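An overview of the molecular structure
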Amino acid sequence: MKKKDKKTKKTSGKKSPGKKRKNPITGNENIKFISGLLITGFSVYLFFAFIAYLFWWKTDQSFDASSVLSGAEIQVRNWSGKSGAWFADILINKGFGLAAFFIPVILASIGLRLLHIKKIKALRISRDLVIGTILLSVILSYIFGHADGMLGSGPGGAHGYFVSRWLNAFMGKLGTGVLLLVVVLSYLLVVFNIRPSFSNIKLFAGKENANEPEEKPVSDLIEEKQDINDEPGFSINRTIDEEQEIDQETGSGEDTVNTDNVSKENIDNTAGPIINEIGSDEDSNGVTISIERAEANDQLSDEELARLKENYDPRLDLSAYKMPPVNLLEDHSTDKAFDDSEIIEKKETIVKTLLDYNIKVRHITATVGPTVTLYEVVPERGVRTAKIKSLDNDIALSLSAFGIRIIAPIPGRGTVGIEVPNKNPEIVSMKSLITTKQFQDCKYELAIALGRTITNELLLLDLQKMPHLLVAGATGQGKSVGLNVIIASLLYRKHPAEIKFIMVDPKMVELTLYNKIEKHYLAKLPETDDPIITETQKVVYTLNSLCIEMDNRYKLLRKARVKSIKEYNEVFTKRRLNPEKGHKYMPYLVLVIDEFADLIMTAGKEIEGPIQRLSQLARAVGIHLIVATQRPSTNIITGTIKTNFPARLAFRVSSSIDSRTILDNTGAEKLVGRGDMLIYNGTELIRAQCAFIDTPELNKVTDFIASQQGYADAYILPEYEGETDDNFQEVDLRKRDSLFDEAARLVVQTQQGSTSLIQRKMSLGYNRAGRIVDQLEAAGIVGPYEGSKAREVLISDMVSLEQILQGLE
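Notes on the structure follow. Because the structure is a prediction, the values reported are computed rather than measured.

A closer look at the overall build of the protein
- The helix and strand tally for the protein stands at 25 helices and 18 strands.
- Expressed as a percentage of the 809 residues in the protein, the buried residues total 44%.
- Sequence-distant contacts in the protein: of pairs separated by 6 or more residues, those separated by 24 or more amount to 68%.
- Accessible area of the protein: about 44,200 Å², with a carbon and sulfur share of 53%.

Quick notes on the packing of helix 22 (residues 740-750) against helix 24 (residues 766-778)
- Relative orientation of the contacting elements helix 22 and helix 24 amounts to 75°, with a least axis distance of 10 Å. In terms of their interaxial angle, helix 22 and helix 24 are classed as roughly perpendicular. When helix 22 is examined against helix 24, the residues Phe740, Ala743, Ala744 and Val747 are found in contact with a partner set consisting of Ile772, Gln775 and Leu776.
- Split into classes, the residues belonging to the contact of helix 22 with helix 24 amount to six nonpolar, one polar and no charged.

Focus: the packing of helix 3 (residues 81-96) against helix 6 (residues 157-191)
- Remark: helix 3 packs on helix 6, axes separated minimally by 2 Å, with the N-to-C direction vectors making an angle of 10°. Overall, the two elements helix 3 and helix 6 adopt an arrangement that is roughly parallel. Taken together, the residues of helix 6 that come into contact with helix 3 (itself represented by Ile92, Asn93, Lys94, Gly95 and Phe96) are Gly157, Ala158, His159 and Gly160.
- Split by residue class, the contact of helix 3 with helix 6 holds three nonpolar, five polar and one charged.

Some details on the pairing of strand 16 (residues 676-680)
- Burial runs high along strand 16: five of the five residues are buried.
- Sheet topology places strand 15 (residues 647-650) next to strand 16; three bridges connect them, and they run antiparallel. When the bridges of strand 16 are listed, Ala650 appears paired with Leu678.
- With antiparallel pairing between neighbouring strands as the criterion, strand 16 and strand 17 (residues 685-690) make up a hairpin whose turn holds four residues, including Gly682 at a positive phi of roughly 100°.

Considerations on the packing of aromatic side chains
- This structure, assessed with the given rule, holds twelve aromatic pairs.
- Judged by centre distance (6.5 Å) and plane angle (55°), the rings of Phe501 and Tyr521 are tilted. Here Tyr521 lies in helix 14 (residues 518-521) and Phe501 lies in strand 11 (residues 499-504), a separation of 20 residues in the sequence.
- Phe501 sits in the buried class, given a relative accessible area of 1%.
- For Tyr521, a relative accessible area of 0% puts it in the buried group.
- Here the guanidinium or amino end of Lys173 rests over the ring plane of Tyr142, the centre of that ring lying 4.6 Å away.
- Of note, Arg493 hangs over the ring of Phe439, and the distance from its end group to the ring centre comes to 5.4 Å.

Things to note about the side chain of Arg687
- With respect to the element layout, Arg687 can be found in strand 17.
- With a relative accessible area of 3%, Arg687 lands in the buried category.
- There is a polar contact of 2.7 Å between the side chain of Arg687 and the side chain of Glu419.

Notes on the environment of Asp797
- Among the secondary structure elements, Asp797 is positioned in the loop between helix 24 and helix 25 (798-808).
- Asp797 sits 48 residues away from Gln749 along the chain, and the two C-alpha atoms are 7.7 Å apart.
- Within polar-contact distance, the side chain of Asp797 engages the side chain of Ser796 at 3.5 Å.

Topic: the sheet that holds strand 8 (residues 447-453)
- Overall, mixed pairing links the nine strands, which are arranged 9-8-17-16-15-10-14-13-11 in an open sheet. Only two strands of the sheet have a single neighbouring strand rather than two, namely strand 9 (458-462) and strand 11. Looking at each pair of strands side by side, their axes are set apart by 30° on average, direction ignored.
- Contacting strand 11, strand 13 (588-593) and strand 14 (623-629), helix 15 (residues 536-560) runs over the sheet at an angle of about 160° to strand 13.

Topic: the pairing of strand 10 (residues 469-472)
- Residues of strand 10 alternate between two faces, with Leu469 and Val471 on one and Leu470 and Ala472 on the opposite face, all of them buried.
- Of the strand pairs in this sheet, strand 10 and strand 14 are connected by four bridges, and their pairing is parallel. Note that in strand 14 the partner of Leu470 across the bridge is Val627.

A look at the sheet that holds strand 5 (residues 372-379)
- Ordered by their spatial adjacency, four strands build an open sheet running 4-5-7-6, and the pairing between neighbours is antiparallel. Only two strands of the sheet have a single partner each, and these edge strands are strand 4 (361-368) and strand 6 (405-410). Taken pair by pair, the neighbouring strands of this sheet meet at an average axis angle of 20°, ignoring direction.
- As defined by bridge partners, strand 5 adjoins strand 7 (residues 415-421) across six bridges and the pair is classed as antiparallel. Bridge pairing in strand 7 links Glu376 to Gly417.
- On top of the sheet, helix 8 (residues 340-356) reaches strand 4, strand 5 and strand 7; it is set at about 40° to strand 5, its chief contact.

Digging into the side chain of Thr536
- Structurally, Thr536 can be placed in helix 15.
- Judged by its relative accessible area of 18%, Thr536 falls in the buried class.
- The contacts of Thr536, once residues within four sequence positions are left out, are Thr602 and Ala603.

Concerning a negative patch on the surface
- Together, Asp339, Asp340, Glu345 and Glu348 give the surface a local cluster of negative charge.
- Given the relative accessible area of 55%, Glu348 is considered exposed.

Thoughts on the nonpolar core
- If you look at the biggest cluster of nonpolar residues, it comprises 113 residues, and the most contacted ones within it are Leu450, Phe501, Tyr514, Leu591, Phe596, Ile607 and Met677.
- Looking at this core, the element that brings in the most residues is helix 15, giving ten residues.
- Apart from residues no more than four positions distant in its own chain, Tyr514 is found in contact with Asn484, Ile487, Leu491, Met503, Leu522, Ile532, Leu698 and Thr702.

Some details on the pattern of salt bridges
- What the rule picks out here adds up to 24 salt bridges.
- Note that Lys642 and Asp664 form a salt bridge whose closest N and O atoms lie 2.7 Å from each other. Remark: Asp664 occurs in the loop between helix 20 (656-663) and strand 16 and Lys642 occurs in helix 19 (residues 639-643); sequence separation between them is 22 residues.
- Lys642 sits in the buried class, given a relative accessible area of 15%.

Topic: the environment of Leu391
- Counting through the fold element by element, Leu391 comes out in the loop between helix 9 (385-389) and helix 10 (392-399).
- Along the primary structure Leu391 and Leu354 are separated by 37 residues, whereas in three dimensions their C-alpha atoms are 8.3 Å apart.

A closer look at a nonpolar patch on the surface
- Residues Val44, Phe47, Phe48, Leu54, Phe55, Trp79 and Leu98 make up a contiguous nonpolar surface patch of roughly 670 Å² in combined accessible area.
- Within the element layout of this structure, Leu98 appears in the loop between helix 3 and helix 4 (102-114).

What to know about helix 13 (residues 479-491)
- Over its 13 residues, helix 13 runs 19 Å from end to end, which matches the ideal 18 Å to within 8%, given 1.5 Å per residue.
- In terms of burial, helix 13 is a largely internal element, twelve of the 13 residues being buried.

Some thoughts on helix 23 (residues 755-762)
- Regarding helix 23, the residues found buried are Thr755, Leu757, Ile758, Gln759 and Met762.
- Against helix 17 (596-603), helix 22 and helix 24 lie the buried residues of helix 23.

Describing unusual backbone geometry
- Backbone torsion omega between Ala408 and Pro409 reads -5°, so that peptide bond is classified as cis.
- Tracing the sequence through the fold places Pro409 in strand 6.
- In this chain, Met466 is followed by Pro467 through a cis amide linkage whose omega measures -5°.
- Structurally, Pro467 can be placed in the loop between strand 9 and strand 10.
- Even without glycine at this site, Met508 takes up a positive phi of about 70°.
- Mapped onto the fold, Met508 is located in the loop between strand 11 and helix 14.

Basis of the calculations
- Residues numbered from 1 in each chain as written.
- Predicted model: local features only at pLDDT ≥ 70, side-chain atom pairs only at ≥ 80, totals over all residues.
- Heavy atoms only, no water.
- Helix = DSSP H or I, 4+ residues; strand = E, 2+ residues; numbered from the N terminus.
- Buried < 20%, exposed > 50% of the residue type's maximum accessible area, 1.4 Å probe, protein only.
- Contact = heavy atoms within 4.5 Å.
- Areas by Shrake-Rupley, 256 points an atom, 1.4 Å probe, with all protein chains shown as cover.
- Axes fitted to C-alpha atoms, helices over the stretch in contact; angles between N-to-C directions.
- Parallel < 35°, antiparallel > 145°, perpendicular 65-115°, else oblique.
- Nonpolar A, V, L, I, M, F, W, Y, C, P; charged D, E, K, R; others polar.
- Pairing = 2+ DSSP bridges.
- Phe/Tyr/Trp six-rings, centres within 6.5 Å; stacked < 30°, edge-to-face > 60°.
- Lys NZ or Arg CZ within 6 Å of the ring centre and 35° of its normal.
- Polar contact = N/O pair within 3.5 Å; in protein donor to acceptor, adjacent residues only side chain to side chain.
- Patch = residues over 30% accessible without salt bridge, like charges linked within 9 Å, V, L, I, M, F, W, Y side chains within 5 Å.
- Salt bridge = Lys/Arg side-chain N within 4 Å of Asp/Glu carboxyl O.
- Lys, Arg positive; Asp, Glu negative; His and termini not counted.
- Charge placed at Lys NZ, Arg CZ, Asp CG, Glu CD.
- Core = buried A, V, L, I, M, F, W, Y, C linked by side-chain atoms within 4.5 Å.
- Expected span 1.5 Å × (residues − 1).

Structure representation (structure tokens):
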């Protein structure tokens, strides 16, 4: 310890190498800022001068330096004027050719660094690009030579031309090429910090190399833990290369795990400390690995030491779990061959109908989809597309078809699209989508195989990027089947450790079959028996619980210094976060609401508030919403909700108003039903046929999942305590609700003391209606809470009620 103290004293007596005397000029923040603005502006000016030089160098080549300060009678074509033309000629023609475009970038990096943009590493950028400018100039001249008629001195400029010419004379064309190749590879290795490893290549196998020290990676040092001498501590310091700023960006705070005193007890799949610990020594900026000898009874086996170096795998908790096999699904495709005569007949009918209205067609093609055929029409020149679009009813009449939709024009194609339903629509089975190579090899985080487009392409979506989905459709048009397709896609892609569903089913019949997979894939409130939420009060509690979960996840992201759940889980699986500090692997949470309109009608703002908050903020922490309704009216899908649901899916609806509400466009009212749908991804509408998965198929899938070992319980959401007033004695009747008298008269008139009655008749939220009922109880108008039964009404006539109300005033 004495030696260590002496060393500390000596070190403290020295000047810190990181502290330098401030220059009185450069130390002034205002001068730095102004200099940054000037340099950045000059770099932009120079860049446009270089661009203009590429177009006008021949025109301005007679211009010389003596004319820069001359009068206005001498004009140049360069956008940056005479000075810009002069700078461009000096740096491109007489300088480095096309490689001179690096020069404005160098200047811009310096200027932006002076403007306190700390992410810009001006020194590194300048060093790399200065070398790159010189090197690229020589390479361009070596390849293209003088290249007469190309930027005066050629693409490499005068510098590149003379250097490459000298090298060719000195080393020959071949030698120069080899030299430049070696230099370029070396340059790339240095710039991109590529470190090739040759640890597995043994060039010599003789005994003469046996005594030579072997350089080992840091991770291998753990394996030598048992061979360390009997000293109480042993540390290995490795200095980091230049400009690797570990300061605030590496996460050396409280959440970094120390590998000191590693024992058998703390090595398992649920925790797992990291191997490297970021050092906090500001002078060395190094990586410190502290390794202490374990006690004799805590020695680690080779297997345990190897596990320390492996990434954490959340799937190991259910390592025996198997994804559902594809043969559980049915193939619903028909064997009927498609009739080409139908296409030919409809093409002729479309051309004839358009000709009746003096619209000549130059060309027409047909693309056959599972439900709809797209006819692409190229009209003669001068035909207004609006005229064609106005003929949808006439074309439908001539084709004797329902659901004609005209796209005039098709974006990016220059054609007018006419979508006509097929006489014999094809069923797109879920099995046919799951078995595609495109779905199996998909890299999406939350891949959904939704159906096939009208061009028979697989419609593959990523829920993570959506990030929320709004679904609408009239009864019997495929909305519930679409929800099942989405859920089944995720069940076939994600392990139970990676995703959890929160299912809300006010109709109580659509999502109940997923009860079986409660201990695998579902999440619920604590002390809740049924994971499928059907009661309005529990929906309110669940949504608020999800908001708490979202806030907790954001706190963990902030402590880990990452921006998204994907980055967080990557850091956690690499054992860089300490579970003892609250860190844990985060599964994706998907909230599925089957009938949103019913919830809004009964709970109103108490539902819309948390839904709005989740849709605005929950994406980054892996919480995604799928909200479905059969009534897409403006009082159900408000503007606030639509704003936060950029991805929308519409099955057939009853009116064009409903179509505009859900899609901001008409068209959904003209769909043919049975899974025919329009998808709006924020930029364009896509028509597709939704896949079909039947209830027996879903039962087979859920039975297969339920037959395997699951977790001890469902994923438990944070507890939420609602605003309840269980003890009526604490109710202050002096602070009665403004609608108390009206609610009291309603209860006595109907002789029903139920919270739901007040909700429906007075259009109130659940919590407010509940508080009014508690006030009615405190006033002696209704009896106490009796579970599922309605409260007893204690006042039988309106006269007695008015006396009570007057007494409360």
